[in-house]
Amino acid sequence: MSNSIIVSPKVYSANHLLSIFEEATHEIATTALGYDANGRLVSKPNSSGNPGALVALQLDGRTFHLGIASSDPGLRELAAALMMLEPDDDPLSDDDVSDAVGEIANLIVGNVKSRLCEQNSNANVTLGTPLRWDGQKTPRTSQEMVFSNHRIGDTNVELIVLLTTNEES
Amino acid sequence: MNILIVDDSKTMRMMIARTLKKAGFDGHSISQAGNGVEALKVIEDANPDVVLCDWNMPEMNGIELLRKLREDGNRVKFGFVTTETTNDVREMADELGVSFFITKPFTPEKFDAELSPILV
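To start, this report covers the structure provided alongside it. (Residues numbered from 1 in each chain as written. Chains lettered and ligands numbered in written order. Predicted model: local features only at pLDDT ≥ 70, side-chain atom pairs only at ≥ 80, totals over all residues. Heavy atoms only, no water.)

## Some details on the pattern of salt bridges
Note the following rule: By convention in these notes, a salt bridge is any Lys or Arg side-chain nitrogen within 4 Å of a carboxyl oxygen on Asp or Glu. The numbering of helices and of strands both runs from the N terminus, where a helix is a DSSP run of H or I of at least 4 residues and a strand a run of E of at least 2. For each residue, the accessible area found with a 1.4 Å probe, counting protein chains only, is set against the maximum for its type, and the residue is called buried under 20%, exposed over 50%, and partly exposed in between.
Applying the stated criterion across every chain, the model contains nine salt bridges over all chains. Residues Lys 113 of chain A and Glu 84 of chain B are paired through a salt bridge, measuring 2.5 Å at the closest nitrogen-oxygen approach. Placement of the pair is Lys 113 of chain A in helix H3 (residues 94-119) and Glu 84 of chain B in the loop between strand S4 (77-82) and helix H4 (87-95), with the two residues belonging to separate chains. Glu 84 of chain B matches Lys 113 of chain A in its accessibility class, with the two residues each being buried. Among the ionic pairs, Lys 104 of chain B bridges to Asp 54 of chain B, the shortest N-O distance being 3.4 Å. Of this pair, Lys 104 of chain B sits in the loop between strand S5 (100-103) and helix H5 (108-115) while Asp 54 of chain B is found in the loop between strand S3 (50-53) and helix H3 (62-71), placing the two residues 50 residues apart along the sequence. A relative accessible area of 4% places Lys 104 of chain B in the buried class. Through salt bridges that share partners, Glu 103 of chain A together with Asp 7, Asp 54 and Lys 104 of chain B make up one connected network.

Right, here's the structure in full:
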């Protein structure tokens, strides 16, 4: 866990969640995927629209979805890293890749929850189960979307935070 | 010994089974279920010695499964393998007599430490 002191806001913004999401991703990349922690790529002109996985996070009544996305070969690379596949192992099926990427998202968002609860022991945080993300370049009218690009190992990864701004729509 | 792994992710079930072997628990039979409802059927049929269960799952989640088992008088040794690590989650599980918590991402050493006292 990070030792940095972060003042927790009363109402979390999508950008604040994204910064916590980034820290959690780098921790999981090193502990669960076996990558060095030095990979950061911060050129972010646009969302790529790549596929991946999302996990819903309810925080004090607000609904966020935190997602990880990459190209198809990138997702395959991440899935193989999670499953510690050897070069001689059979290639993963598309379903296995999707399932594994969902599990990576689950690990990262679980780490986000821990960080939020460390910052504020009264935070009311619940998680959903992983959902497939088909890629989306712009937010819907009821959403705010922020994202950043990173490099995990040799893989370019996009981290996405969606905040549902109108729960009724 | 019969170990039941309950997780909605097939990938995670495979990883847990593989980690059990790496931790030295390769002589035990392993059964699997994708959620709490499936697990109840497997528990009735296979009568496992220990259940390793995820927390967040569709249909019936891990704490609902544990609660159902205890309500039915089933005292099977039950541990969570989960990303959920907060105090309120642990307190809820402790009240229902959970045997251990293993946090994801996990290592063979974590499994060895938690399961060795149980799988003797």
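## Things to note about the interface of chain B and chain A
To be explicit about the condition: In what follows, a contact means two residues having at least one pair of non-hydrogen atoms within 4.5 Å. By buried area we mean the combined loss of accessible area, with a 1.4 Å probe, across both parts when two parts are placed together. Throughout this description, a polar contact denotes any pair of N or O atoms lying within 3.5 Å of each other; where both atoms belong to protein, one of them has to be capable of donating a hydrogen while the other can accept it, and for residues adjacent in sequence the pair is counted only when both atoms sit in side chains. Put simply, Ala, Val, Leu, Ile, Met, Phe, Trp, Tyr, Cys and Pro go in the nonpolar bin, Asp, Glu, Lys and Arg in the charged bin, and everything else, Gly too, in the polar bin.
Taken together, the 20 residues of chain B in the interface contact 19 residues of chain A. Of the roughly 1600 Å² buried between chain B and chain A on both sides combined, carbon and sulfur atoms contribute 55%. In terms of surface lost to chain A, no three residues of chain B exceed Thr 11, Thr 83 and Pro 105 of chain B, which account for 30% of the buried area on that side. The interface formed by chain B and chain A includes three salt bridges. At the junction of chain B and chain A, the tally comes to nine residue pairs in polar contact (both at pLDDT 80 or more). Ranked by the residues each element gives to the side of chain B that touches chain A, the list is headed by helix H1 (residues 10-22) of chain B, at seven residues. Class assignment for the residues of the side of chain B that touches chain A results in seven nonpolar, six polar and seven charged.

## Description of the sheet that holds S3 of chain B
Whether parallel or antiparallel, the strands of a sheet pair through hydrogen bonds between backbone atoms. All names here are of chain B. To be explicit about the condition: By the convention used here, strands pair only if DSSP detects at least 2 bridges between them. Fitting a line to C-alpha atoms yields each axis, with helices limited to the stretch in contact; the angle taken between N-to-C directions then spans 0 to 180 degrees.
Strand order in this open sheet of five strands is S2-S1-S3-S4-S5, and the pairing throughout is parallel. Each end of this open sheet is capped by a strand with a single partner; those strands are strand S2 (29-33) and S5. Here the strands of the sheet are splayed against their neighbours by 20° on average, with no regard to which way each runs. As paired strands, S3 and S4 are joined by four bridges and run parallel to one another. Residue Val 50 lies in a different strand from S4, and its bridge partner there is Lys 77. Contacts from H1 reach strand S1 (2-6), S2, S3 and S4, with the element oriented near 150° to S1.

## So, the nonpolar core
Quick reminder of the rule: Grouping buried Ala, Val, Leu, Ile, Met, Phe, Trp, Tyr and Cys residues that are joined through side-chain atoms within 4.5 Å yields what is termed a nonpolar core.
Core analysis: the largest hydrophobic core is formed by 65 residues, its most contacted members being Leu 57 of chain A together with Leu 52 and Phe 111 of chain B. Top contributing element to this core by residue count: H3 of chain A, with eleven residues. Beyond its immediate stretch of four places on either side in the chain, Leu 57 of chain A contacts Arg 62, Thr 63, Phe 64, Leu 66, Val 109, Val 112, Leu 116, Val 125, Thr 126 and Leu 127 of chain A. Counting 23 residues, the second largest nonpolar core, distinct from the first, contains Val 6, Val 42, Cys 53 and Trp 55 of chain B.

## Regarding a negative patch on the surface
All names here are of chain A. Worth spelling out the cut-off: Put simply, a patch holds well-exposed residues, over 30% relative accessible area, that have no salt bridge, with like charges counted together within 9 Å and Val, Leu, Ile, Met, Phe, Trp or Tyr side chains within 5 Å. We get accessible surface area from the Shrake-Rupley algorithm with a probe of 1.4 Å; when it comes to residues, only the shown protein chains can shield them. Just so you know, the count uses Lys and Arg for positive and Asp and Glu for negative, and it drops His and the chain ends. To locate a charge, the coordinates of NZ of Lys, CZ of Arg, CG of Asp or CD of Glu are taken.
On the surface, Glu 86, Asp 88, Asp 89 and Asp 90 cluster together into a negatively charged patch. Summarising the element assignment, Glu 86 is placed in the loop between helix H2 (72-82) and H3. Judged by relative accessible area, which is 52%, Glu 86 ranks as exposed.

## Some details on the packing of helix H1 (residues 14-31) of chain A against H3 of chain A
Residue and element names in this part refer to chain A. Selection rule: Should an angle fall under 35 degrees it is taken as roughly parallel, and over 145 as roughly antiparallel, whereas 65 to 115 is taken as roughly perpendicular and any remaining angle as oblique. By convention the crossing between two helices is left-handed if the near helix lies anticlockwise of the far one by an angle smaller than a right angle, and right-handed if it lies clockwise.
It is the contact of H1 with H3, at a shortest axis distance of 8 Å, that shows an interaxial angle of 120°. Relative to H3, the element H1 lies oblique. Two packed elements cross with a definite hand, and for H1 against H3 that hand is right-handed. Judged by residue contacts, His 16, Leu 17, Ile 20, Phe 21, Glu 23, Ala 24, Thr 25, Glu 27 and Ile 28 of H1 engage Leu 107, Ile 108, Val 109, Asn 111, Val 112, Arg 115, Leu 116 and Gln 119 from H3. Residue composition of the contact of H1 with H3, grouped by class: ten nonpolar, four polar and three charged.

## Section: unusual backbone geometry
At the junction of Lys 104 of chain B and Pro 105 of chain B, the peptide bond is cis and its omega measures out at -5° in the coordinates. The backbone phi angle of Asp 60 of chain A is positive, close to 50°, even though this residue is not glycine. Looking at the secondary structure, you find Asp 60 of chain A in the loop between strand S1 (52-59) and strand S2 (62-69). Residue Asn 47 of chain B is not a glycine yet carries a positive backbone phi of 45°. Checked against the element boundaries, Asn 47 of chain B lands in the loop between helix H2 (36-46) and S3.

## Concerning the packing of aromatic side chains
Residues and elements named next belong to chain B. Rules: Only the six-membered ring of Trp is used, alongside the rings of Phe and Tyr, when aromatic pairs are assigned; centres must lie within 6.5 Å, and planes under 30 degrees apart are stacked while those over 60 apart are edge-to-face, with the rest tilted. Criterion for a charge above a ring: Lys NZ or Arg CZ within 6 Å of the ring centre, and within 35 degrees of the ring normal.
Counting across every chain of the model gives five aromatic pairs over all chains. Between Trp 55 and Phe 80 the ring centres are 4.7 Å apart and the planes differ by 45°, which places this aromatic pair in the tilted class. You can see Trp 55 sitting in the loop between S3 and H3 and its partner Phe 80 sitting in strand S4, a full 25 residues away along the chain. Just as Trp 55 is buried, Phe 80 falls in that class too. Taken together, the aromatic side chains of Trp 55, Phe 78, Phe 80 and Phe 101 make up a single cluster linked through ring pairs. Just above the ring of Phe 101 sits the side chain of Arg 90; from NZ or CZ to the centre is 4.6 Å.

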